[in-house]
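Examination of the molecular architecture
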Amino acid sequence: MPTQLALLGGQPVRERSFTRWPIFDERDEQRVLAALRSGKWGRLDGNEVETFEQAFARMHGCRHGIAMVNGTVSLRLGLVAAGIEAGAEVIVPPYTFFSTASAVIEANMVPVFADVDLATFNLDPAAFEAAITPRTRAVIPVHFAGQPADMDAIGAIARKHKLLVIEDAAHAHGASYKNRPAGSLGDLASFSFQSSKNLTSGEGGVVTSNDERLAAECRSLHNCGRIPTGIWYEHHVISGNYRLGELQGALLNAQLERLEEQTRTRDENGQYLAARLSKLPGIHPQARPEFVTRHAYHLFMLRIDGEAFGAPRSAVVEALKAEGIPCSAGYGFSLNQQPMFQKKAFGPYLAVERDKLEYSKVHCPNSDLLCKEQALWLEQAMFLGTRADMDDIASAFEKVSENGVALTDWWRKRGAK
Ligand SMILES: Cc1ncc(COP(=O)(O)O)c(C=O)c1O
């Protein structure tokens, strides 16, 4: 007899909480307090943001870093910096956060969805190539969950068609592809420092690049269209103030000192858990191609094949939570199915193109399958814990697997589909 599921009255596998996020101590307090006491709170007054930009860019293999208010703005300004014309097409995956596509619309460009690979959850290079039209100007591969996309394949296709490559590295601080850091693998990259991210200042973002011209454009765009040689009230291009403040810069400088070690810990724990869970029937942790030399594990993702596992994904999520393992099913539907796309609620953007766009006809079966039936997410902070924490997660999965029949029975009685 397997031990009874906590959901059905049994003892949970775990009653302690996992590592809490964010992590900070007196080093963060002192750095932020010093910035506060300096009275230099704006980016133009102090040097915390500038110090951070240089250190973060260097760590990510880039000569330039431009810190901004968030990772949505940094994506959008990256597109604008490239001088792409209004109405041009930008290829994005459908299995990602809203901003990957909303930033394209707010740059007055058309997002075109190309499906993800079912095993890696990342943009499928073949789907990307098939989505290219004469109007395509850029592609935004997302290093989803912190695992680099297939950048050599994507880069080769982009070069053939003369497309700009912007990495959406919002999840990928410290990740690497063939030992090259995420953030240095395209023309530009965008990271986020929003509160859930692997490096955070509550809100924030950065563009990294090795392209002098694009970096200079981004710097100007994030600073009301100013240029280094201009006088203060001299504006050369339409934009706004998207500068990050010094208190956030100070916090990021303190947090950055932990990033290397935290990234190593997450990657070790993530690989260990993936190896354990792949032994279970119907469980497929995100496939890790050889080119991934470091996974940032912003999320640990896996697919559950409900039939092979013996219980549907939604029931498994409930059972794991009851066992003391926080987890979720992630996105409920692919990005192209968001009400915003279905209603074409683009505000003042894409006024000319809107009538011709039909997102209800877009079909991304792999992304749909992940959203509707198979994906399961565990969050990054859990992977900052110990091997024993990973063993608890694995034990909970094993327990749920052994109780598939009882769980499915409970699920049916509950009237769930
Ligand atoms: C994949 C992805 N891209 C872009 C963003 C946007 O970042 P921000 O929330 O800092 O605007 C996020 C996250 O929040 C994200 O998950």
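Residues numbered from 1 in each chain as written. Predicted model: local features only at pLDDT ≥ 70, side-chain atom pairs only at ≥ 80, totals over all residues.

When helices and strands are tallied, the chain shows 14 helices and 13 strands. At 22 Å, the chain has a C-alpha radius of gyration in line with the 22 Å of a compact globule built from 417 residues. On the principal axes, the C-alpha backbone points of the chain span a range of 80 × 55 × 35 Å. Put simply, the chain has 417 residues, and 52% of those count as buried. Expressed as a percentage of contacts within the chain between residues at least 6 apart in sequence, the contacts between residues at least 24 apart total 72%. (Helix = DSSP H or I, 4+ residues; strand = E, 2+ residues; numbered from the N terminus. Rg over C-alpha atoms; globule rule 2.2 N^0.38 Å. Buried ≥ 20, exposed ≤ 12 C-beta atoms within 10 Å, placed from the backbone. Contact = placed C-beta atoms within 7 Å.)

Turning to helix H2 (residues 48-59), a few remarks are in order. With 12 residues, H2 extends 16 Å from end C-alpha to end C-alpha; this agrees with the ideal 16 Å at 1.5 Å per step. Among the residues making up H2, those that are buried are Glu48, Val49, Phe52, Glu53, Phe56 and Ala57. Taken around the axis of H2, the buried residues stretch over an arc of 150 degrees, which confines them to a single face. Close packing links the buried residues of H2 with helix H1 (26-38), strand E1 (64-68), strand E9 (205-209) and helix H8 (246-277). Count one or two residues on from H2 and you reach Gly61, which has phi positive near 70 degrees. (Expected span 1.5 Å × (residues − 1). Arc of directions from axis to C-beta.)

Pairing is antiparallel in the open sheet, where three strands are placed in the order E10-E12-E13. Either end of the sheet is taken by a strand with one partner, and the two such strands are strand E10 (283-285) and strand E13 (375-379). Strand-to-strand twist of the sheet, defined as the mean angle between neighbouring strand axes without regard to direction, takes the value 30 degrees. Inspection of the sheet shows E10 paired to strand E12 (residues 299-304) by three bridges, in the antiparallel sense. Bridge pairing in E12 places Ile283 opposite Ile304. (Pairing = 2+ DSSP bridges. Axes fitted to C-alpha atoms, helices over the stretch in contact; angles between N-to-C directions.)

Lining the immediate environment of the ligand, one finds 14 residues, of which Gly71, Thr72, Phe97, Ala170 and Ser192 sit closest. Broken down by secondary-structure element, the contributors of at least two residues to the shell around the ligand are helix H3 (71-81) and helix H4 (99-105). Among the residues forming the shell around the ligand, the class breakdown is three nonpolar, 10 polar and one charged. (Near = placed C-beta within 6 Å. Nonpolar A, V, L, I, M, F, W, Y, C, P; charged D, E, K, R; others polar.)

Right, let's talk about helix H6 (residues 151-160) for a bit. Those residues of H6 not exposed but buried are Met151, Ile154 and Ala158. Around the axis of H6, the buried residues are gathered within 65 degrees of arc, so they sit on the same side. Counted as exposed and oriented over 90 degrees from the buried face of H6: Asp152, Ala156, Arg159 and Lys160. Just past H6, the residue Lys162 takes up positive phi, approximately 55 degrees.

Right, let's get into the sheet that holds strand E6 (residues 176-177). If you trace the three strands from one edge of the open sheet to the other, you get E7-E6-E11, paired in antiparallel fashion. For this open sheet the edge positions go to strand E7 (180-181) and strand E11 (292-294), each flanked by a neighbour on one side alone. One ladder, built from two bridges, connects E6 with E7; its direction is antiparallel. Bridge pairing in E7 links Tyr177 to Arg180.

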